[in-house]
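Working through the structure, step by step
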Amino acid sequence: MKGSQVTLLRAITALIGVAVLIALLVEPHFEGRNAHVTGLKVYFGDPFLAYAYVASVPFFVALYQAFKALGYAAKNEASSGAVMKALRTIRYCAIVTIGSVALGEIFIALGDSDDRAGGVCVGGLIAFGSGVGAVTVAMFERALVRGDEDAILPP
């Protein structure tokens, strides 16, 4: 893979990570019941928000592993064991994210919120995206095991 392509993909990966981190830190201030709460009470007063932060850890681990895998691709070491380990970790992180979303959906369903539909919809979108990511990474793994790197990385 060309260096410019890898640099672009790594930049996009970093931008996704920064955007999600900013969204996680800023969004609670705009939420209805937290709109007028000040300081750290926003972050420590809501157990669901604490759960959301803990559940986001696999996402950031997967981004870091993707960043590492792209570094190996830049060195033309796409079929190395380190890339396979990174891809496996990304797949497991996607599966853990799906499980975390499912637990969050249960938390929402058992809660006394008047707007469950929004949370369920967002959770469904996150689970769908994680599922697509897990399947895509599994396809990459399978192609690398077969030794068909050209199916993934253009010459």
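What you are looking at is a predicted structure, and each value in this text was computed from that prediction instead of being measured. (Residues numbered from 1 in each chain as written. Predicted model: local features only at pLDDT ≥ 70, side-chain atom pairs only at ≥ 80, totals over all residues. Heavy atoms only, no water.)

1. Here's the deal with the packing of aromatic side chains
Rules: Put simply, two rings from Phe, Tyr or Trp (the six-membered ring, in Trp's case) pair if the centres are within 6.5 Å, and we call them stacked under 30 degrees between planes, edge-to-face over 60, tilted for the rest. Only protein chains enter the accessibility calculation, which uses a 1.4 Å probe. A residue is then buried if its area is under 20% of the maximum for its type, exposed if over 50%, and partly exposed in between.
In this structure the tally under the stated criterion is 1 aromatic pair. Residues F59 and F60 carry aromatic rings whose centres are separated by 5.3 Å and whose planes lie at 80° to one another, so their mutual orientation is edge-to-face. By relative accessible area, which is 29% here, F59 ends up partly exposed. Take F60: its relative accessible area is 26%, and that puts it in the partly exposed class.

2. A word on the packing of helix α3 (residues 47-55) against helix α5 (residues 81-110)
Put simply, the rule reads: Every angle, taken between N-to-C directions, lies between 0 and 180 degrees, and every axis is a line fitted to C-alpha atoms, over only the stretch in contact when it is a helix. Only DSSP runs of H or I with at least four residues qualify as helices, and only runs of E with at least two residues qualify as strands; both kinds are numbered from the N terminus onward. In these notes the angle categories are as follows: under 35 degrees is roughly parallel, over 145 is roughly antiparallel, 65 to 115 is roughly perpendicular, and the rest is oblique. Note on contacts: a residue pair qualifies if any of its non-hydrogen atoms lie within 4.5 Å across the two residues. Three categories are distinguished: nonpolar for Ala, Val, Leu, Ile, Met, Phe, Trp, Tyr, Cys and Pro, charged for Asp, Glu, Lys and Arg, and polar for the others, with Gly belonging to the last.
Running from N to C, α3 and α5 point in directions that differ by 170°, and their axes come no closer than 10 Å. As the angle between them shows, α3 and α5 are arranged roughly antiparallel. Contacts between α3 and α5 involve F48, Y51 and A55 from the former and S100, L103, G104, F107 and I108 from the latter. A per-class count over the contact of α3 with α5 returns 6 nonpolar, 2 polar and no charged.

3. A short note on the nonpolar core
What tends to happen in soluble globular proteins is that the nonpolar side chains get buried as a cluster. Applicable threshold: Only buried Ala, Val, Leu, Ile, Met, Phe, Trp, Tyr and Cys residues count toward a nonpolar core, and they belong to the same one when joined by side-chain atoms within 4.5 Å.
A62, V83, M84, L87, I90, C93, V137 and L144 form the largest nonpolar core, which has 8 residues in total. Only α5 and α6 (116-146) provide two or more residues apiece to this core. Element by element, the count of residues in this core is highest for α5, at 5 residues. Discounting chain neighbours no more than four positions away, the residues touching C93 are P58, V61 and A62.

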